[in-house]
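This is what each chain is made of:
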Amino acid sequence: QVQLVESGGGLVQPGGSLRLSCAASGSIRSIFVMGWYRQAPGKQRELVATISSAGRTNYADSVKGRFTISRDNAKNTVYLQMNSLKPEDTAVYYCNAGLLTMNYAHGNYWGQGTQVTVSS
């Protein structure tokens, strides 16, 4: 059994910053890719950023230069530093992990989501 638990969401003014964290726990042998996705009301879930176990990153064009994804492999934790936030960044942010369980099963797991609201 695998769990992803996010934290760090909240309300912030335009131009402000937030840092999201997501810790994976449970029957995990190794984690390949970790990432963040978001879903705004009435819209489809979209990729924000991903990071491989080797530290290779990928960002949506809309967040490049403002968001930074990082991970601590020893803690099975991924972070998303969000700077210069805009109202259009308002969404529920979901953590995602592609991993190998202790039973050698490949799986794709999601966190429960954390709300980020950018508003004055």
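Look above for the structure.
All of these numbers come straight from a predicted model, not from anything done at the bench. (Residues numbered from 1 in each chain as written. Predicted model: local features only at pLDDT ≥ 70, side-chain atom pairs only at ≥ 80, totals over all residues. Heavy atoms only, no water.)

Caption draft 1: Quick look at the state of the cysteines. Taken as a whole, this structure holds one disulfide when the rule is applied. Bridging C22 to C95, the disulfide has an S-S length of 2.1 Å. Note on the C22 and C95 pair: the S-S dihedral is about -80°, so by sign convention the disulfide is left-handed. Of the two residues, C22 is situated in strand β3 (residues 18-26) and C95 in strand β9 (residues 91-101); the sequence distance between them amounts to 73 residues. The same class applies to C22 as to C95, namely buried. (Disulfide = S-S within 2.5 Å. Helix = DSSP H or I, 4+ residues; strand = E, 2+ residues; numbered from the N terminus. Buried < 20%, exposed > 50% of the residue type's maximum accessible area, 1.4 Å probe, protein only.)

Caption draft 2: The arrangement of the sheet that holds strand β7 (residues 67-72) in detail. On the basis of which strands lie adjacent, the open sheet formed by four strands has the order β1-β3-β8-β7 and antiparallel pairing. The strands lining the two open edges of the sheet, one partner per strand, are β1 (2-7) and β7. Each strand axis lies, on average, 15° off the axis of its neighbour in the sheet, ignoring direction. Of the strand pairs in this sheet, β3 and strand β8 (residues 77-82) are connected by six bridges, and their pairing is antiparallel. Bridged to S21 within β8 is Y79. (Pairing = 2+ DSSP bridges. Axes fitted to C-alpha atoms, helices over the stretch in contact; angles between N-to-C directions.)

Caption draft 3: Region of the structure containing the nonpolar core. W36, L80, M82 and Y93 are the most contacted members of the largest nonpolar core, which totals 31 residues. Listed by contribution, the elements that provide at least two residues to this core are β1, β3, β4 (28-39), β5 (46-52), β7, β8, β9 and β11 (114-118). Per element, the largest residue contribution to this core is five residues, and it comes from β9. (Core = buried A, V, L, I, M, F, W, Y, C linked by side-chain atoms within 4.5 Å.)

Caption draft 4: Geometry of the side chain of R71. Within the secondary structure, R71 is located in strand β7. The charged side chain of R71 is buried without a salt bridge, its nearest counter-charge being D72 at 8.2 Å. Of the polar contacts made by the side chain of R71, one reaches the backbone oxygen of I51; its length is 3.1 Å. Residues in contact with R71, not counting those within four places in the same chain, are I31, F32, V33, M34, I51, S52, S53, T77, V78 and Y79. (Lys, Arg positive; Asp, Glu negative; His and termini not counted. Salt bridge = Lys/Arg side-chain N within 4 Å of Asp/Glu carboxyl O. Polar contact = N/O pair within 3.5 Å; in protein donor to acceptor, adjacent residues only side chain to side chain. Contact = heavy atoms within 4.5 Å.)

Caption draft 5: Spotlight on the pairing of β4. Here 10 bridges tie β4 to β9, and the two strands are oriented antiparallel to one another. Bridge pairing in β9 links I31 to L99. Across six bridges, the pairing between β4 and β5 is antiparallel. Within β5, the residue paired with M34 across the bridge is I51. As consecutive antiparallel partners, β4 and β5 are separated by six residues, and within that stretch G42 has a phi angle of approximately 80°, a positive value.

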